[in-house]
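Secondary and tertiary structure notes
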Amino acid sequence: MLKRNWKRIGMIILIVACIFNVMGKLINKLSLNKEMLYSAEYMYEEEQNEQNQK
């Protein structure tokens, strides 16, 4: 039985692994608002560091 169905079993395992991968990425994804705030804070800090060095 395993000999005949190895392609289907492999495909099912591959699909399940892809679903877990996508779900993990969606769960851990930062919202766009937070990403924009973090970027703005980083740019502000870099600007302050440049002004302090002058």
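For the structure given in this document, a descriptive report is provided here. The structure presented is a predicted model; accordingly, all values stated were derived computationally and were not measured.

**Describing the overall build of the protein chain**
When helices and strands are tallied, the protein chain shows 2 helices and 0 strands. In terms of overall dimensions, the protein chain is more spread out than a globule: its C-alpha atoms have a radius of gyration of 23 Å, far above the 10 Å expected for 54 residues. If you average the places of the 8 positive and of the 6 negative side-chain charges in the protein chain, the two averages end up 35 Å apart.

**Concerning helix H1 (residues 2–28)**
Taking 1.5 Å per residue, 27 residues should reach 39 Å; H1 reaches 37 Å between its end C-alpha atoms and fits that length. Most pronounced at Arg-8, the bend in H1 amounts to some 30°.

**Re the environment of Ile-27**
Its place among the elements puts Ile-27 in helix H1. Sequence separation between Ile-27 and Leu-37 is 10 residues; the distance between their C-alpha atoms is 19 Å.

**Remarks on a nonpolar patch on the surface**
Judged by side-chain polarity, Met-11, Leu-14, Ile-15, Ile-19, Val-22, Met-23, Leu-26 and Ile-27 come together as a nonpolar surface patch covering roughly 800 Å² of accessible area. The residue Ile-19 is located in helix H1 in this model.

**Things to note about the environment of Glu-41**
Mapped onto the fold, Glu-41 is located in helix H2 (residues 32–53). For Glu-41, a relative accessible area of 45% gives the class partly exposed. Sequence separation between Glu-41 and Arg-4 is 37 residues; the distance between their C-alpha atoms is 58 Å.

Cut-offs used in this document
Residues numbered from 1 in each chain as written. Predicted model: local features only at pLDDT ≥ 70, side-chain atom pairs only at ≥ 80, totals over all residues. Heavy atoms only, no water. Helix = DSSP H or I, 4+ residues; strand = E, 2+ residues; numbered from the N terminus. Rg over C-alpha atoms; globule rule 2.2 N^0.38 Å. Lys, Arg positive; Asp, Glu negative; His and termini not counted. Charge placed at Lys NZ, Arg CZ, Asp CG, Glu CD. Expected span 1.5 Å × (residues − 1). Bend = angle between axes of the 7 residues up to and from the residue. Patch = residues over 30% accessible without salt bridge, like charges linked within 9 Å, V, L, I, M, F, W, Y side chains within 5 Å. Areas by Shrake-Rupley, 256 points an atom, 1.4 Å probe, with all protein chains shown as cover. Salt bridge = Lys/Arg side-chain N within 4 Å of Asp/Glu carboxyl O. Buried < 20%, exposed > 50% of the residue type's maximum accessible area, 1.4 Å probe, protein only.

Function cannot be inferred from these measures alone, as they are strictly geometric.
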